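Here's the letter readout for the chains.
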Amino acid sequence: MKNYELLNRLDNNIIPIDTYYNKAVIAVQECAKLDEAKEWTDKMSALAYYHKQAGDKTLENYAIRIRHRGQRRMGELLKQFDGRGSYNGNQHTGNIGKKDTTVHSSNSVNTVASSIGLSERQTKESIRFANIPEDKFEEIIESDNIPTKSEIAELGTKEREIKVDKSYKAVSFLGWLRDFKKACDEDDPLYLLSIMDDKQKQKTLATIKELENWFDTFVINCQEQ
């Protein structure tokens, strides 16, 4: 096998030589040296061929997408390291909470990044790539006009909606509703009326009407959903 310049830059102890990516690099390098129309006798056909080749961005766009996806994946992996030097793992490794003995820093993301030669700017840029929702990221890089790295990173710096789990409110409300029903079951409404004065009756009636509106809104919208 020939020694190709780009492949010689790879650390073969880290990156297996026979990956699809490396095979693609070899194929593109061969293609870059190839001049299929050089010996053509039909000069008009050769001219049309070169015109098409010069304006075709298919390979270029594929290469840009590969770089962008690689940078996003790098950011996703960097985000799995916390500030205590622990590796949070993922669904594939199952190493959640497992201590990474190679990291001993209060700022482990930067430590890990620098250990593989990433600058602070490259680290921040990769993490910003990873901040973009996956469906949005795929949409923009599959477009005909692929954004630049800086444009994509900018999307990852904008404030995103923070989703907070508010299910505890539903649980709390259901608990209160059960307690309310229990209280109603314990006291007959006619008995309560018999021991209330007029002021208490009016306040109770006003509160019941407010609750009635709330329950009506809940029931109507619950049936529609």
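See the structure above.
Keep in mind that this is a model prediction, so the values were computed, not measured.

This next bit is on the layout of surface pockets. Its boundaries defined by the atoms lining it, the second largest pocket holds a volume of some 460 Å³. Along the wall of the second largest pocket there are 16 residues; nearest its centre are Phe180, Cys184, Leu192, Thr204 and Ile208. When residues of the lining of the second largest pocket are traced back to their parent elements, those giving at least two are α9 (167-186), α10 (189-195) and α11 (198-224). By residue number, the principal contributor to the lining of the second largest pocket is α11, which donates eight residues. Counted by class, the lining of the second largest pocket contains eleven nonpolar, two polar and three charged residues.

Turning to a nonpolar patch on the surface, a few remarks are in order. Together, Val28, Leu59 and Tyr62 line one region of the surface with nonpolar side chains, adding up to about 320 Å² of accessible area. Along the chain, Val28 turns up in helix α2 (residues 20-33).

Note on placement: Ile140 falls in helix α7 (residues 134-141). Along the backbone, Ile140 and Arg65 are 75 residues apart, and their C-alpha atoms lie at a distance of 9.9 Å. Sequence-distant contacts of Ile140, defined by excluding residues within four places in its chain, comprise Asn145, Ile146, Pro147, Ile152 and Leu155.

Right, let's get into the pattern of salt bridges. Here the structure, examined in full by the defined rule, presents nine salt bridges. Between Glu138 and Arg69 there is a salt bridge, and its shortest N-O distance comes to 2.7 Å. Of this pair, Glu138 sits in helix α7 while Arg69 sits in helix α4 (residues 58-78), and the two are 69 residues apart along the sequence. Asp185 is paired through a salt bridge with Lys181; the nearest N and O atoms lie 3.0 Å apart. Within this pair, Asp185 and its partner Lys181 are both found in helix α9, separated by four residues, close to a single helical turn. Taken individually, Asp185 and Lys181 each receive the classification exposed, so the pair is uniform in this respect.

Listed in full, the buried residues belonging to α7 are Phe137, Ile140 and Ile141. Projected down its long axis, α7 shows its buried positions confined to an angular sector of 90°, all on one face. Exposed side of α7, more than 90 degrees from the buried face: Asp135 and Glu139 are the residues found there. Looking at the packing, one finds that the buried side of α7 touches α4, α6 (120-131) and α8 (149-155).

Working note: a packed helix pair is described by the angle between its axes plus the distance between those axes. The N-to-C vectors of α4 and α6 enclose an angle of 95°; their axes lie 7 Å apart at closest approach. When the interaxial angle is binned, α4 and α6 end up roughly perpendicular. Contacts from His68, Gln71, Arg72, Met74, Gly75, Glu76 and Leu78 of α4 reach α6 at Gln122, Thr123, Glu125, Ser126, Ile127, Phe129 and Ala130.

Let us now look at the nonpolar core. Ile64, Phe129, Ile132, Phe137, Ile140, Ile141, Ile146, Ile152 and Ala153 form the largest nonpolar core, which has nine residues in total. Elements supplying a minimum of two residues to this core: α7 and α8. Of the residues forming this core, the biggest block, three residues, is contributed by α7. Setting aside chain neighbours within four positions, we find Ile152 in contact with His68, Phe129, Ile132, Phe137, Ile140, Ile141 and Pro147. Formed by six residues, the second largest nonpolar core is a distinct cluster that contains Leu78, Phe81, Val109 and Ala113.

For helix α3 (residues 43-55), which comprises 13 residues, the first-to-last C-alpha distance of 18 Å matches the rise-based estimate of 18 Å (1.5 Å per residue) to within 8%. Among the 13 residues that make up α3, one are buried, leaving the element largely open to the surroundings.

Next up on the list: the side chain of His68. Structurally, the position occupied by His68 is in helix α4. Among the polar contacts listed, one links the side chain of His68 to the backbone oxygen of Pro147, at a separation of 3.3 Å. Apart from the residues within four sequence positions on either side, His68 is in contact with Phe129, Phe137, Ile141, Ile146, Pro147, Thr148, Lys149 and Ile152.

What counts, and where the lines are drawn
Residues numbered from 1 in each chain as written. Predicted model: local features only at pLDDT ≥ 70, side-chain atom pairs only at ≥ 80, totals over all residues. Heavy atoms only, no water. 1 Å grid on protein atoms, 1.4 Å probe; cavity = no way out; pocket = protein on both sides within 12 Å on 5 of 7 lines; lining within 4 Å. Points joined across faces, edges and corners; volume = space filled by probe spheres on them. Helix = DSSP H or I, 4+ residues; strand = E, 2+ residues; numbered from the N terminus. Nonpolar A, V, L, I, M, F, W, Y, C, P; charged D, E, K, R; others polar. Patch = residues over 30% accessible without salt bridge, like charges linked within 9 Å, V, L, I, M, F, W, Y side chains within 5 Å. Areas by Shrake-Rupley, 256 points an atom, 1.4 Å probe, with all protein chains shown as cover. Salt bridge = Lys/Arg side-chain N within 4 Å of Asp/Glu carboxyl O. Contact = heavy atoms within 4.5 Å. Buried < 20%, exposed > 50% of the residue type's maximum accessible area, 1.4 Å probe, protein only. Arc of directions from axis to C-beta. Axes fitted to C-alpha atoms, helices over the stretch in contact; angles between N-to-C directions. Parallel < 35°, antiparallel > 145°, perpendicular 65-115°, else oblique. Core = buried A, V, L, I, M, F, W, Y, C linked by side-chain atoms within 4.5 Å. Expected span 1.5 Å × (residues − 1). Polar contact = N/O pair within 3.5 Å; in protein donor to acceptor, adjacent residues only side chain to side chain.

In short, shape yes, function no, at least from these values alone.
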